[in-house]
Amino acid sequence: MSVSVNKANSNNITVAKFGGTSVADYQAMLRCAHIIKNDNSNRVVVVSASAGVTNNLVRLSQANIAAQERESIITEIANIQFNITKHLACQLILDAEIKEILTTLSDCAKKQAEQYSLKNSDEILSFGEQLSSRIFAQVLQSIDVNGHYFDIRPVMKTDSLHGKAQVNVAEISSKAKTLLLPKLADKVIVTQGFIGSDEQGNTTTLGRGGSDYSAALLAEAIQASHLSIWTDVVGIFTTDPRITDQARSINEISFGEAAEMATFGAKILHPATLIPAMRQDIPVFVGSSKEPEAGGTLIQRQVNSNPTYRSIALRREQTLVTVKSPEMLHASGFLAKVFTVLAKHQLSVDLITTSEISVALTFDNPQGSTQALLTKAVVEELEQLCEVSVEHGLSLIAVIGNKIHGTKGVGSSIFDKVNDFNIRMICHGASEHNLCFLVPEADANQVVERLHATLFTE
Ligand code: ADP
Ligand code: ASP
Ligand code: MG
């Protein structure tokens, strides 16, 4: 589906991103290739690794993996890829290339088993996208689209925080203009999401699910007119359709609301995806590569309706840390000390509530982040300042919409329906777009279902 939006000063280029299930097998890749062929504004294709490959690479990147297990993981990855290439006329040449890549992967894995490093871990994780992008370029060629493999690492410049690298937007913009943009005149470029490189040229990764973010960064860098995120559902739903079959697709949603959804755990988009799109005002379409004609969701600055309740997001595996100190009473500077410790360990605080002598905090933890979060070292350092208690097994539920902070009755509409659950922490008022709270993990799905039935179907 193409989206018609008139924008001044923009070229007619769409960056199209396909997630893991969209490039999982040959049929899936072929469907995606036809999506590209059917709209010739699609000039840059960003792919994830084929479904299952990154999880295998994560296993491979861990310390102390025995040689036999390493081999069986690599065989599993090889099988996923060869099951795709066997349908292509260029199978022999492509398989030879893949085998060479897998030999390099095997060397990296061996090195990791001997001496673990986060740097080498990122190298290992990058192989999934390296493989899928090579194969997808050939699938495009097989249907007469001039698809070309392009290594994104010299463009996607980041710092050296392996596992969760921070991007350098200015450099990405300048490299994209010199290295990528000139190629788009006569080619469809197929490149990798998720991976980048630091100043020394070492491979880095942007965190799990980071391909959405890569695509948005490239769209921004080349001033694309559109960004399409092709996935396994027909757009953004009122809540995760895996939680309730009552969830329904949203036709259009504002940047602000969609960004809150992504931040609060709606896996459909990596949390940072909309930041570059908002900076450049690039409309983002989300649709299903299985049913491209079924429509989807358009995310843009201005939308026709701004309902109080738009969606419910759920983020699992939350840790609540409560720091308590009598010193805090009427004193200044205590919170600054706590935040200094957290910043030193690169922990980003997400929610916060305070009472007279205690502060409760949760942290940003993008799903499946490859970085350890609240380590023993952080807790020990905090304990030098105050009493610390740590609770695991919580889920964060966010009700997302418009003017939530300024609408009467929001609190009772939400909490009256779930007053038989233990609500652990509530944050309301800081954002016009959300009200969120923590519940025990075991209750999370039920709370979302109940709220969804109340706010969206009653
Ligand atoms: P991809 O591999 O294409 O990046 P993901 O698995 O990362 O796909 O994201 C798509 C999944 O996000 C869907 O299958 C769905 O279960 C989940 N999801 C979570 N919240 C939502 C939501 N509000 N709307 C749609 N999908 C959602
Ligand atoms: N392949 C990476 C992952 O599985 C990145 C992505 O799919 O967005 O996390
Ligand atoms: Mg994803």
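Residues numbered from 1 in each chain as written. Chains lettered and ligands numbered in written order. Predicted model: local features only at pLDDT ≥ 70, side-chain atom pairs only at ≥ 80, totals over all residues. Heavy atoms only, no water.

Describing the site of ligand 2
Within the structure, ligand 2 sits among Ser48, Ala49, Thr54, Glu129, Phe194, Arg208, Gly209, Gly210 and Ser211. At 2.6 Å, a side-chain N or O of Arg208 approaches an oxygen atom of ligand 2. Here Gly209 contributes a backbone N or O atom positioned 2.8 Å from an oxygen atom of ligand 2. About the coverage of ligand 2: the protein hides 86% of its 260 Å² of free accessible area. (Near = heavy atom within 4 Å. Polar contact = N/O pair within 3.5 Å; in protein donor to acceptor, adjacent residues only side chain to side chain. Areas by Shrake-Rupley, 256 points an atom, 1.4 Å probe, with all protein chains shown as cover.)

Some thoughts on helix H7 (residues 169-180)
Quick reminder: α-helices carry 3.6 residues per turn. Residues three or four places apart thus point the same way. Those residues of H7 lying buried are Ile172, Ala176 and Leu180. Looking down the long axis of H7, one finds its buried residues gathered within 35° of arc, a one-sided arrangement. Among the exposed residues of H7, those oriented more than 90 degrees off its buried face are Ala170 and Thr178. Next to the buried residues of H7 lie strand E3 (147-150), strand E4 (188-192) and helix H8 (211-221). (Buried < 20%, exposed > 50% of the residue type's maximum accessible area, 1.4 Å probe, protein only. Helix = DSSP H or I, 4+ residues; strand = E, 2+ residues; numbered from the N terminus. Arc of directions from axis to C-beta. Contact = heavy atoms within 4.5 Å.)

Side note on the site of ligand 1
Residues in close proximity to ligand 1 total 17 residues, the closest being Thr231, Phe237, Asp240, Arg242 and Lys267. One of the side-chain nitrogen or oxygen atoms of Lys267 is found 2.8 Å away from an oxygen atom of ligand 1. Between an oxygen atom of ligand 1 and a main-chain N or O atom of Ile268, the distance comes to 3.4 Å. Notes on ligand 1: free accessible area 570 Å², of which the protein chains cover 90%.

Quick look at the pattern of salt bridges
In total, this model carries 18 salt bridges according to the counting rule given. Note that Arg153 is salt-bridged to Asp151, the shortest N-O span being 3.0 Å. The class of Arg153 is buried, set by a relative accessible area of 14%. Each of Glu123, Asp151 and Arg153 takes part in one network of salt bridges that share partners. (Salt bridge = Lys/Arg side-chain N within 4 Å of Asp/Glu carboxyl O.)

Some words on the confidence of the model for the protein
In the predicted model, the protein carries a mean pLDDT of 92, and the fraction of residues at 70 or more is 95%. Scored below 50 in pLDDT, residues 1-9 makes 18 contacts in the model with residues more than four places away or belonging to other chains. Every residue in residues 367-371 scores below 50 in pLDDT, and together they form 11 contacts with partners more than four places removed in sequence or on other chains. (pLDDT = per-residue confidence, 0-100.)

Regarding the pairing of E3
Where E3 meets E4, 4 bridges bridge the pair, whose relative direction is parallel. Opposite His148, over in E4, you have Ile189 as the bridge partner. Between the parallel pair E3 and E4, the chain is carried across by H7, and the sense of this crossover is right-handed. (Pairing = 2+ DSSP bridges. Right-handed = clockwise from strand over helix to strand, strands pointing away.)

Concerning the sheet that holds strand E13 (residues 358-363)
Judged by pairing direction, the sheet is antiparallel, and its 6 strands sit side by side in the order E12-E13-E11-E14-E16-E15 without closing on themselves. Edge positions in the sheet fall to strand E12 (349-354) and strand E15 (425-428), since each has one partner strand and no second. In this sheet, adjacent strand axes meet at a mean angle of 30° when their direction is disregarded. Sheet strands in contact with helix H11 (residues 334-344) are strand E11 (311-324), E12 and E13, and its direction is about 25° off that of E13. (Axes fitted to C-alpha atoms, helices over the stretch in contact; angles between N-to-C directions.)

Points about the packing of helix H3 (residues 67-85) against helix H4 (residues 91-114)
At a minimum axis separation of 11 Å, H3 and H4 run at an interaxial angle of 160°. On the basis of their axis angle, the class for H3 and H4 is roughly antiparallel. Seen along the crossing, H3 lies across H4 with a hand that is right-handed. Contacts from Arg70, Ile74, Ile77, Ala78, Gln81, Phe82 and Thr85 of H3 reach H4 at Gln91, Leu94, Asp95, Ile98, Lys99, Leu102, Leu105, Ser106, Ala109, Lys110 and Ala113. (Parallel < 35°, antiparallel > 145°, perpendicular 65-115°, else oblique. Left-handed = near helix turned anticlockwise from the far one by under 90°.)

Structural notes on the side chain of Ser325
Along the chain, Ser325 falls in the loop between E11 and H11. For Ser325, a relative accessible area of 4% puts it in the buried group. If we ignore the near neighbours within four places in the chain, the residues touching Ser325 are Phe334, Ile357, Leu385 and Cys386.

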